[in-house]
Amino acid sequence: MTSALRDPTALAAVLDSALADLADVAFVTDTDGTVIAANTTLLTRSGLSRDEAVGQRLLDIINGEDRDVTGEHMARALRGEVAAFRIVRAINEQTQYVSDVTLHPVRDGRDVVAVLGTARDVTEAMAVARERESAEELLQIAGRMAGFGGWSMDAADRVLRLSDEARSILTIAPDAQIVLDELLHAQPSHTRDALRGAMRRCLEEGEGFDVQLDIVTTSGARVVARILGRPERDHTGAVARALGAIWDVTEAEAERSRLVELEERLALTLNTISDGIMFLDRDWRFTFVNPRALELVGKSEEELIGASLREAFPESEGSDWEQAYHQAIETGSRQQVRSFDESLGMWFDVTAYPSASGLALYVRDATDDERTRQHMIESQRRLGEQARLLDAARDAMIVRGLDHRVQYWNRAASELYGWSSTEAIGRPVTELIFDDTTAFDNATAAVLREGFWSGALEQRARDGRPLVVDCRWQLVLDETHQPSAIFAVNSDITEQRKTDEARLRAQRMESLGTLAGGIAHDLNNVLTPLLMSVQLLSRRAHDDDERQILDGMEAAVKRGADMIRQVLAFARGVEGRRIRVSARDLLNDVTFYTRTALPKEITITTALEGGSRDTMGDPTQLLQVLINLVSNARDALPEGGHIHVRLKSLAIDEQNASDGLSGRPGQYLLFEVEDDGIGMPPEVAAKVFEPFFTTKAPGRGTGLGLPSSLAIVRSHGGFMEVTSEAGTGTTFRVALPVAPDGEAPAAQANQKKVGAPRGKGELILVVDDEPMILDVTAQTLQAHGYRVATARNGQEAIDLVEAGDQRIDLVLTDMMMPVMDGAEASAYLENHHPDVPIVAMSGLTSNGSARRAVGMGITRFLPKPFTTSLLLTTVADTLRGVPGDGDQEEQS
């Protein structure tokens, strides 16, 4: 009886049914190469009907360019070999068509009676593979998400925001309001619970998610949607919002189910294929294994069918195979892996195809291929060791001989040091990038001794720029394992070193601020009674010589107080009023104040260029800065000369900000103070803003003027720059941000000084732990019509008030005292005696301490040291209920 396989008609009928719906091209030829079965995909791509295709020679149907190679492999299949090959055909200059063709011999016993062929269009897969090889991870993600809908939800408001594509998937109109609760309510319970749980974990725990769910759209349609989400964190590390993508995979899911069915039908015809086929269900149990697969893995069908993957292959746990299988199931995409089976001593290529019922595995013996590949890898590795020296990198890479002459110099080295490779090769590296070779010699000795050295070295560029370079040096050995060269990888850390030094300076300044605060408090307590005592004595003096001496003493005390304020302003920061200030008025005030202070040998001119606008700031502080600059210009003109003060407009954008200007992009007022004096060399100009640095003679300057001015300008959001040339002159530039449009600056009333106000017998309670301050303050108040009671700490003050022997009209208290300080005493009095006004005084007045004190039970703040006039005015204004605005201005 003739076998059915030898009957072409019967064979064609069986295979036509199996191959009909395959997505890939599939066909069967007899031993003469005549087509006896062809599936729909082949007929569609060839444009032939089934009657036209069946009966023709296969080589007459395919493209002419592919006939020779197909004929060669057809001959192999007819000899009993499985022939797999790739057809690559150019469609145009930019596009290629790529197809993977496999020809399987169909046997009846030992005889080949037909050839089963499949051709898979892998053009797109090849393009994707090339992209994956060259693209970064972000590009891969973007590629997978392209064309899908996006969504986001802020952690704060929990409002869902959708892109147009996402709205389209959920059938929400572009202008319709998104009501999350309504959208969730329409979902099946399992979908609703899954979405809520995933979103909650993302926003509250920072856990990303990737789910596929049945979704009900607003139109009532049911779709299968894949939803991807991840958290986005703010600068503190907290989750600020969740965002991700959503796409409709309904059609893809249906197509995948259909393909599963086709694959299962096709599997029935593939037992004659010479490669292994296995099916795993969703529980990872084997449901089908073809004979070739059993042969390859060395197991029987009874051992595999019904057994789980790990039961049949315990060694698979954690293997590349298992990971690929899981990834195929999780992603729904084909996964390929090549791995070595130690028990069999063979390499296998395994392709995992996910299906609705589980996983289909295609297993091929790749032992010979892998041996060839490993040989090529080893060859490439040896070449790579040499190629790494030529590979471009961000770090400078230099190879030098043991005589220190450069043998290799990469592009990054040229960019860092300014020498081209042509100029550098053959020259000693010490000549190119080192001034002092001591550290270089020590490092060279270490690398010759240990084989490797790393550390930081000071080097220089071609243009003389100093560099700090992080070096990693490796000793290179020749074939006899003797040292032949030194390979150096150098990274520029100059800016990093500057940043580290700046941080250390900031830490030192913070320590200085703490120290200065303590010293300032004690010194101001010392200066307060001196200043008031001098002013008391001056009132009683009748001799002009005595008054002159006392005036000198008062000026010296005030100068000491001013020096303390400068130290605090620089070391602890500057705060002040922020009101609208006219730049034109500042310029006029500079002219008024400086013309009387300059000798006749020095002339000053001012110019308003480019219009006048306003800035926001403290006018007293800003005027102090400008006057300080004019004073410095005066000192730079010992033989006389000219000072020019200009006011300009300055606009900084992203471009010129990157070109070296100090400020951030925006509109600025620019004051320039220029002199034609002695100027400064570069090394001096670079230090003018450092604290305590001065070029003036001993006793002429503190070295805090410019640092304090810089602190003031920076506190106003501006910046300062200096340019100078020895023998030519100096120009200081002060840039202040332009104020936003609004009210014009309020005119400052030119108040005339009046005599110190006198009391009317009011009882003032003075509280201070310094006896001298207590006595002098009491005498001053008594001399001007007040009655005075005294206490040495806050507890004594409270006891006097609670005694009720006399009605206290005002409390004048120090803030830092033993037993009970002024803040605690003020809080008590505010709660128990709110009708008693409190004036606080302290030697710590920097950084807005007055404004923080006023309003916490304290009516006014009096900074030490204070003058008699300021004391009396503050007390009188407080008793009269005149509103205060924080710090009391110093009165002369």
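About the criteria used
- Residues numbered from 1 in each chain as written.
- Predicted model: local features only at pLDDT ≥ 70, side-chain atom pairs only at ≥ 80, totals over all residues.
- Heavy atoms only, no water.
- Helix = DSSP H or I, 4+ residues; strand = E, 2+ residues; numbered from the N terminus.
- Pairing = 2+ DSSP bridges.
- Axes fitted to C-alpha atoms, helices over the stretch in contact; angles between N-to-C directions.
- Contact = heavy atoms within 4.5 Å.
- 1 Å grid on protein atoms, 1.4 Å probe; cavity = no way out; pocket = protein on both sides within 12 Å on 5 of 7 lines; lining within 4 Å.
- Points joined across faces, edges and corners; volume = space filled by probe spheres on them.
- Nonpolar A, V, L, I, M, F, W, Y, C, P; charged D, E, K, R; others polar.
- pLDDT = per-residue confidence, 0-100.
- Core = buried A, V, L, I, M, F, W, Y, C linked by side-chain atoms within 4.5 Å.
- Buried < 20%, exposed > 50% of the residue type's maximum accessible area, 1.4 Å probe, protein only.
- Parallel < 35°, antiparallel > 145°, perpendicular 65-115°, else oblique.
- Left-handed = near helix turned anticlockwise from the far one by under 90°.
- Phe/Tyr/Trp six-rings, centres within 6.5 Å; stacked < 30°, edge-to-face > 60°.
- Lys NZ or Arg CZ within 6 Å of the ring centre and 35° of its normal.
- Expected span 1.5 Å × (residues − 1).
- Salt bridge = Lys/Arg side-chain N within 4 Å of Asp/Glu carboxyl O.

Our focus in this paragraph is unusual backbone geometry. Of note, the phi angle at His404 is positive, near 70 degrees, even though the residue is not glycine. Along the chain, His404 turns up in the loop between β16 (396–401) and β17 (406–409). At Val819, a residue that is not glycine, the phi angle is positive and equals roughly 65 degrees. Inspection of the secondary structure assignment puts Val819 in the loop between β30 (810–814) and α30 (822–832).

Time to look at the sheet that holds strand β14 (residues 346–355). An order of β12-β11-β15-β14-β13 is seen for the 5 strands of this open sheet, with the pairing classed as antiparallel. This sheet does not close on itself; its edge strands, each paired only once, are β12 (286–289) and β13 (335–341). Taking the axes of each pair of neighbouring strands and ignoring which way they run, one obtains an average angle of 25 degrees across the sheet. Here β13 runs beside β14; their pairing, made up of 7 bridges, is antiparallel. Across the sheet, the residue bridging to Gln335 is Ala352, located in β14. Across the sheet, helix α15 (residues 320–331) lies against β13, β14 and β15 (358–365), angled at about 165 degrees from β13, the strand it touches most.

Here we take up the sheet that holds strand β18 (residues 452–460). Taken in spatial order, the 5 strands of this open sheet run β17-β16-β20-β19-β18, and their pairing is antiparallel. Only two strands of the sheet have a single neighbouring strand rather than two, namely β17 and β18. The sheet shows a mean angle of 25 degrees between the axes of neighbouring strands, taken without regard to direction. Judged from the 9 bridges that link them, β18 and strand β19 (residues 466–477) form a sheet pairing that is antiparallel. Across the sheet, residue Gly455 finds its bridge partner in β19, namely Cys471.

Right, let's talk about empty space enclosed by the protein for a bit. Here the idea is plain: a probe the size of a water molecule rolls over the atoms and shows the empty space left. By the definition in use, this model includes 4 cavities of 30 Å³ or more. Of all the secondary-structure elements, those providing two or more residues to the lining of the largest cavity are α15, β14 and β15. For the lining of the largest cavity, the per-class residue count stands at 11 nonpolar, 1 polar and 1 charged.

What follows concerns the confidence of the model for the protein. Mean pLDDT for the protein: 80, with 79% of residues reaching 70 or above. Note that pLDDT drops below 50 for residues 135–144; the model gives that stretch 2 contacts with residues more than four away or on any other chain. In the predicted structure, residues 746–753 sits below a pLDDT of 50 and forms 2 contacts with residues beyond four places in sequence or in another chain.

Attention now moves to the nonpolar core. Core analysis: the largest hydrophobic core is formed by 36 residues, its most contacted members being Leu629, Val630, Ile643, Phe671, Met720 and Val734. Looking at this core, the elements that each hand over two or more residues are α23 (583–595), β22 (602–608), α24 (619–635), β24 (641–652), β25 (666–675), α26 (682–685), α27 (705–715) and β27 (729–737). Considering every element that reaches this core, the biggest residue donor is α24, with 7 residues. Not counting the four nearest positions on each side in its chain, Leu629 is found in contact with Val673, Leu706, Met720, Phe732 and Val734. One finds Leu416, Ala424, Phe434 and Ala443 within the second-largest nonpolar core, a separate group that totals 27 residues.

The next point concerns the packing of helix α29 (residues 794–803) against α30. For the pair α29 and α30, the least separation of the axes is 9 Å and the interaxial angle reads 20 degrees. One finds that α29 runs roughly parallel with respect to α30. Once α29 is placed against α30, the crossing between them reads as right-handed. Contacts between α29 and α30 involve Gly794, Ile798, Val801 and Glu802 from the first element and Ala825, Tyr828, Leu829 and His832 from the second.

The full count for this structure, using the stated rule, is 9 aromatic pairs. For the pair Phe434 and Phe440, a centre-to-centre distance of 4.9 Å together with 50 degrees between the ring planes defines the contact as tilted. For Phe434, a relative accessible area of 5% translates into the label buried. A centroid spacing of 5.1 Å and a plane angle of 55 degrees characterise the contact between Trp453 and Trp473, whose relative ring orientation is tilted. Taken as a pair, Trp453 in strand β18 and Trp473 in strand β19 lie far apart in primary sequence, 20 residues in all. Both residues of the pair, Trp453 and Trp473, belong to the buried class. Lying across the ring of Phe313, Lys299 places its NZ or CZ 5.5 Å from the centre. Positioned above the aromatic ring of Trp419 is the side chain of Arg427, whose terminal nitrogen or guanidinium carbon lies 4.8 Å from the ring centre.

This paragraph deals with the packing of α24 against α27. Following both chains from N to C, one finds α24 and α27 inclined at 145 degrees, their axes separated by 10 Å at the closest point. Considering only the axes of α24 and α27, their crossing is left-handed. Counted together, Gln621, Gln624, Val625, Asn628, Leu629 and Asn632 of α24 and Gly705, Leu706, Ser709, Ile712 and Val713 of α27 form the full contact between these two elements.

Turning next to helix α20 (residues 438–450). Taking 1.5 Å of rise per residue, 13 residues should cover 18 Å, and α20 covers 18 Å from first to last C-alpha, within 8% of that figure. Buried positions along α20 lie against β16, α19 (429–433), β18, β19 and β20 (483–492).

What follows deals with the pattern of salt bridges. Close approach of charged atoms lets side chains of opposite charge pair. This structure, assessed with the given rule, holds 39 salt bridges. For the salt bridge of Arg200 with Glu204, the shortest nitrogen-to-oxygen distance reads 3.8 Å. One end of the pair, Arg200, and the other, Glu204, are both in helix α10 (residues 189–205), 4 residues apart, so they sit about a helical turn from each other. When its relative accessible area of 37% is taken as the criterion, Arg200 is described as partly exposed. Linking Arg449 and Glu450 is a salt bridge whose minimum nitrogen-to-oxygen distance equals 3.4 Å. Exposure remark for Glu450: the relative accessible area of 58% places this residue in the exposed category. Put simply, Arg338, Asp349, Arg364, Asp369 and Glu370 are held in one network by salt bridges that share partners.

Take the environment of Lys299 next. With respect to the helices and strands, the residue Lys299 is situated in the loop between α12 (291–297) and α13 (301–304). Residue classification places Lys299 among the partly exposed residues on the basis of a relative accessible area of 26%. Along the chain, Lys299 and Ala312 lie 13 residues apart, while their C-alpha atoms are 8.9 Å from each other. Excluding its chain neighbours within four sequence positions, the residues that come into contact with Lys299 are Leu294, Leu304, Ala312 and Phe313.

Moving on: the pairing of β27. Summarising burial for β27: 7 of the 9 residues are buried, a large majority. Pairing of β25 with β27 involves 8 bridges; the strand directions are antiparallel. Bridged to Phe671 within β27 is Val734. Between strand β26 (residues 719–725) and β27, which pair antiparallel in sequence order, lie 3 residues; one of them, Gly727, sits at a positive phi of approximately 85 degrees.

Let's shift gears to α10. Under the 1.5 Å per step criterion, the end-to-end length of α10 is 23 Å for 17 residues, consistent within 8% with the ideal 24 Å. Every buried residue of α10 is accounted for by Thr191, Arg192, Leu195, Gly197, Ala198, Met199, Cys202 and Leu203. Where the residues of α10 are buried, they touch β6 (149–154), α9 (180–185), β8 (209–216), β9 (222–233) and β10 (239–248). Taken from the residues just after α10, Gly206 is the one with a positive phi, measuring 70 degrees.

This part covers the environment of Val713. Here Val713 lies in helix α27. Using a relative accessible area of 0% as the deciding quantity, one classes Val713 as buried. Along the primary structure Val713 and Ala735 are separated by 22 residues, whereas in three dimensions their C-alpha atoms are 7.9 Å apart. Residues contacting Val713, with those up to four places away along its chain left out, are Val625, Gly718, Phe719, Met720, Val734, Ala735 and Leu736.

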